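Here is what each chain is made of, one letter per residue.
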Amino acid sequence: MFRKVKKRHSSSSSQSSEISTKSKSVDSSLGGLSRSSTAASLDTDSTKSSGNSTSETCAEFRVKYLGAIERLQFDMSKSLQEPLDLINYIDAAQQDGKLPFVPGDEEMILGVSRYGVKVASLDQCDVLHRHPLFLIMRMLCYDDGLGAGKNLLALKTTDSEQEQCSIWVYQCSSSEQAQSVCKVLSASFDCALTSDKS
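Residues numbered from 1 in each chain as written. Predicted model: local features only at pLDDT ≥ 70, side-chain atom pairs only at ≥ 80, totals over all residues. Heavy atoms only, no water.

Per an unreviewed UniProt entry, the recorded name for the chain is Integrin beta-1-binding protein 1, and the organism is Gymnodraco acuticeps.

So this is what it looks like as structure tokens:
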């Protein structure tokens, strides 16, 4: 059903990123059902690295914007360290009406590079969001549980003073696309760390 992504082995690095894929049972109050989700997670606080700086570090993806929960106090961010905590928080926000379950029809271009993540209109004329690489705390993807095979991509960022955090949620067309975004972002972190060392 979902393609398993193997955890990449670590090499010596004081600071880097990690992609892991974990099967989670995520509780949803929609009809009292429990949904099974495969979450691919990128944790930028991890001390593990693949050591692979030759991976593609720039790519563009067509996504839809679901919404954002902005300016959360940093104390709240500390309670959202694990992928399942973040997924449950987004679920609760959807139940409370703070985030929709389904995005609008407008597609956007989500570009990932060594500088971070940029979300722009399809014609690239309007930049809607910019997430600098050094402000990204975590990115993860998981099945939205609505049965259409769509995946949500959640991006947790902080501000330059690290006093607040925000959660940005995008819808990908498939689990493969969402996991590809995480892979490219992981490669971008590896590339940035390699550049810092040289």
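**Considering unusual backbone geometry**
For clarity, the threshold we go by: Counting from the N terminus, the helices are the DSSP runs of H or I reaching at least four residues and the strands are the DSSP runs of E reaching at least two. Think of it in three bands: residues with accessible area under 20% of the maximum for their type are buried, residues over 50% are exposed, and the middle band is partly exposed, with areas taken using a 1.4 Å probe on protein chains only.
In this structure, R71 is a non-glycine residue whose phi angle is positive, near 55°. Among the secondary structure elements, R71 is positioned in strand β3 (residues 59-73). Backbone geometry places Q124, a non-glycine residue, at a positive phi of 65°. Position of Q124 relative to the elements: it lies in the loop between β5 (116-121) and β6 (127-132). Accessibility expressed as a relative area gives 34% for Q124, which makes it partly exposed.

**Digging into the nonpolar core**
For clarity, the cut-off: Grouping buried Ala, Val, Leu, Ile, Met, Phe, Trp, Tyr and Cys residues that are joined through side-chain atoms within 4.5 Å yields what is termed a nonpolar core.
The biggest cluster of nonpolar side chains holds 23 residues, and the ones touching the most others in it are L110, V112, V117, M139, L153 and L185. Secondary structure elements with two or more residues in this core: β3, β4 (107-113), β5, β7 (136-143), β8 (151-158), β9 (164-172) and α3 (175-197). Per-element tally for this core: the top contributor is α3, with seven residues.

**Focus: the pattern of salt bridges**
Selection criterion: One side-chain nitrogen of Lys or Arg within 4 Å of one carboxyl oxygen of Asp or Glu is enough to make a salt bridge.
Enumeration over the complete set of coordinates arrives at two salt bridges. Between R62 and E107 there is a salt bridge; the shortest N-O distance is 2.8 Å. Highlighted residues: R62 in strand β3 and E107 in strand β4, separated in sequence by 45 residues. A relative accessible area of 48% places R62 in the partly exposed class. Overall, E107 belongs to the partly exposed group, its relative accessible area being 29%. In this structure, the salt-bridge partner of R71 is E70, at a minimum N-O distance of 3.8 Å. On the basis of relative accessible area, R71 is assigned to the exposed category, the value being 56%. Looking at E70, the relative accessible area reads 41%, which means it is partly exposed.

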